Amino acid sequence: MSQPAELYACLYAKEFPAQALLRLRQDLHSKPCVVMEGEAPTQHVCSLNTKARLLGMERGMTRVEVDTFPEPAILPRSVQLEMATKAILLECAGGFSPRVEDRSEADAFLCGIDIAGTKSLFGPPEMLARSLLQRVRALGMSASVTISSNLHAAVSLARGLPPRIPVHVIPPSNEAAALSSLPLSVLDLNEKQTETFGLWGIHTLGMLAALPETELIARMGQESRRLRQLARGELQHLFQPVEPVFTLEERMELDAPLDVLESLLFGVGVMLDQLILRAKARILALAAVTVTLSLDGGGTHTRTIRPALPTTEKQLWIKLLHLDLDAHPPPAAILAVALHAEPGSTSKVQLGLFSPQLPEASRLDVTLARIRAVVGEDNVGCAVLQDTHAAEAFRVEPFTVPSGDSLVATCPEPRASVRQLRPPEGTSVTLQDGRPTVFFFRERRYKVEHAYSPWTMSGDWWNPTLWGFEQWDIVARAQDGAMLCCCIMRDVMQNRWQMAALYD
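Counting restarts for each chain: residues are numbered from 1 in the order of the written sequence. Reporting in this predicted model follows two pLDDT cut-offs: at least 70 for local features of residues, and 80 or more for side-chain atom pairs to be given and counted; totals over whole chains, interfaces and linings ignore these cut-offs and use all residues. Excluding hydrogens and water, the side-chain figures rest on all heavy atoms present in the structure.

Peer 1: Talk me through the side chain of glutamine 274; I want residue IDs and the actual numbers.
Peer 2: Its place among the elements puts glutamine 274 in helix H13 (residues 261-281). A relative accessible area of 7% places glutamine 274 in the buried class. Only runs of H or I of at least four residues qualify as helices and only runs of E of at least two qualify as strands under DSSP, and these elements are numbered from the N terminus. Each residue gets one of three labels from its accessible area relative to the maximum for its type: buried under 20%, exposed over 50%, partly exposed in between, using a 1.4 Å probe on protein chains only.

Here you go:
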């Protein structure tokens, strides 16, 4: 059977406020949990998990009614966390089709996915639905997927399906039969329409679809025609896709202020699992992770970890975060934690058959983090010479691992090696017409054969008071014929000569 020209998948997650809060809270998965909305004393339950529903809890219960049940976990609603979770689910749906429409409701996540023409990529519709459901469950969410050639039919079926049927595919031209047993509550009916259908004895979509269209419109108006088309799965829809933004962010709000670092890392590990999972879905790795801690009393504490190479090793990230937060602890108790990751390309370096094996970059990162904790943040890295004539002028830059192209062996130009003398050794120099002719070094007398410059040094051109040294490059020969190539300097202010370096 050929795939229809129009085909839609509907991803539906019930009790979305509760699922968004419990997605990263593995410690609460085995407890009855309710989400409260509103200000005291008018707080009421707006969402709850399955264990709370099995105990007899319902939406709309007040705080006093909830307290009568044995030790339920009471969580405040977090709109910010719901928006972040919705973005994650839209991003997940975007991995199966570039055309995704957000149709979320107040207490449920709902999106339509245009999957026409995706059979060659993801297989038959049922296989795609199970792959999508497996990806959503890996994100810590419970949902259902329905597929139909009519988007409204897929939405209605998703709202009315029991939880034991997570995947359902409506065959083409069979929408009316598939929807006939669903209650009218799956449609967006107002109070007047609900009351009218109740008086008529209409309780299912099949009953509504069987009503004659002309008589129905005469009694309830043109809006009833749309409801009848919805019940028959015939109402057409103008698809309005959105473009999901790929942002690697996770956030967790804590029930009470936390000041124990080890307990914080347990929750951070769950968040890293999700970031790594989402990055791997796009064949990416984590190049940097920024942790932002919301502190008790206001304020935030932010730290950024950037290893030498992008990686998806969870234990490495936890170790680096532990070392960094241990060296830079937050000044107050923690109320919430947020992770933001920068995606990066996974780097694989292929060496030659006889090339030596390079050390693992992860071991270097952990070693450097431990050294930073001892000597300071700005005292670890690679020494880089500055563009100045000042002596001993350098800066410290972070270590970087070269890319695969730069690891190819090349033949560098030969350079003279130098042995710097620290501290410089004193020497006596005889001048003739302002140029060195003879000097003594380490109890030996050398006669200068070639002398180059002098070059002024130890300063910047815009600050002439710092030009305090003259440097000479010398080629000399001792009495026994030994050659010596060296660099000598003269302190202009004190007129003192020093041997600075020996050239090999």
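Peer 1: Outline the sheet that holds strand S16 (residues 428-432), listing residues and values.
Peer 2: For two strands to pair, DSSP has to find at least two bridges joining them. Taken in spatial order, the seven strands make up an open sheet running S15-S21-S20-S19-S18-S17-S16, and their pairing is antiparallel. Bordering the open sheet on either side are strand S15 (418-426) and S16, each of which pairs with just one other strand. Averaged over all neighbouring strand pairs, the angle between strand axes comes to 30°, with direction disregarded. Orientation is described by axes fitted as lines to C-alpha atoms, over the contacting stretch for helices, and by angles from 0 to 180 degrees between their N-to-C directions.

Peer 1: An account of the nonpolar core is requested, with residue identities and associated values reported.
Peer 2: Counting residues in hydrophobic clusters, the biggest one holds 33 residues, and the most contacted among them are Leu264, Leu272, Leu286, Leu293, Val337 and Leu339. At the level of elements, strand S9 (248-258), H13, strand S10 (285-295), helix H14 (314-327), strand S12 (334-344) and helix H15 (361-375) are the ones that each hand at least two residues to this core. By residue number, the principal contributor to this core is H13, which donates 10 residues. Whether two residues touch is decided by their heavy atoms; if any such pair falls within 4.5 Å, the residues are in contact. Not counting residues up to four positions away in its chain, the partners in contact with leucine 264 are Leu258, Leu293, Leu325, Ile334 and Val337. Put simply, buried Ala, Val, Leu, Ile, Met, Phe, Trp, Tyr and Cys residues joined by side-chain atoms within 4.5 Å make one nonpolar core.

Peer 1: Give me the lowdown on the packing of helix H4 (residues 79-94) against helix H6 (residues 125-138), citing residues and values where you can.
Peer 2: Direction vectors running N to C along H4 and H6 enclose 150°, while the axes themselves pass 10 Å from each other. Classified by the interaxial angle, the pair formed by H4 and H6 is roughly antiparallel. The hand of the H4/H6 crossing is right-handed. Two secondary-structure elements touch here, H4 through Leu89, Cys92 and Ala93 and H6 through Leu132, Arg135 and Val136. Residue type decides the class: Asp, Glu, Lys and Arg count as charged, Ala, Val, Leu, Ile, Met, Phe, Trp, Tyr, Cys and Pro as nonpolar, and the leftover types, Gly among them, as polar. Residues belonging to the contact of H4 with H6 are distributed by class as follows: five nonpolar, no polar and one charged. Convention used here: angles under 35 degrees read as roughly parallel, angles over 145 as roughly antiparallel, angles from 65 to 115 as roughly perpendicular, and any remaining angle as oblique. By the definition used in this description, the sense in which the near helix is turned from the far one sets the handedness, with an anticlockwise turn below a right angle giving left-handed and a clockwise turn giving right-handed.

Peer 1: So, unusual backbone geometry: which residues are in play, and what are the values?
Peer 2: Residues alanine 40 and proline 41 are joined by a peptide bond in cis, for which omega reads 5°. Residue proline 423 is bonded to the preceding arginine 422 through a cis peptide linkage, with omega at -5°. When you line up the elements, proline 423 lands in strand S15. Of note, isoleucine 283 is a non-glycine position whose phi angle comes to about 55°, a positive value.

Peer 1: Can you explain H4? Please cite residues and give values.
Peer 2: Given a rise of 1.5 Å per residue, 16 residues ought to cover 22 Å, and the 22 Å separating the end C-alpha atoms of H4 matches this to within 8%. The inward-facing, buried residues of H4 abut helix H1 (16-22), strand S5 (100-102), strand S6 (109-114), H6, S9 and H13. How far a helix is expected to stretch is found by multiplying one less than its residue total by 1.5 Å.

Everything listed here is a matter of coordinates, which is why it stays silent on function.
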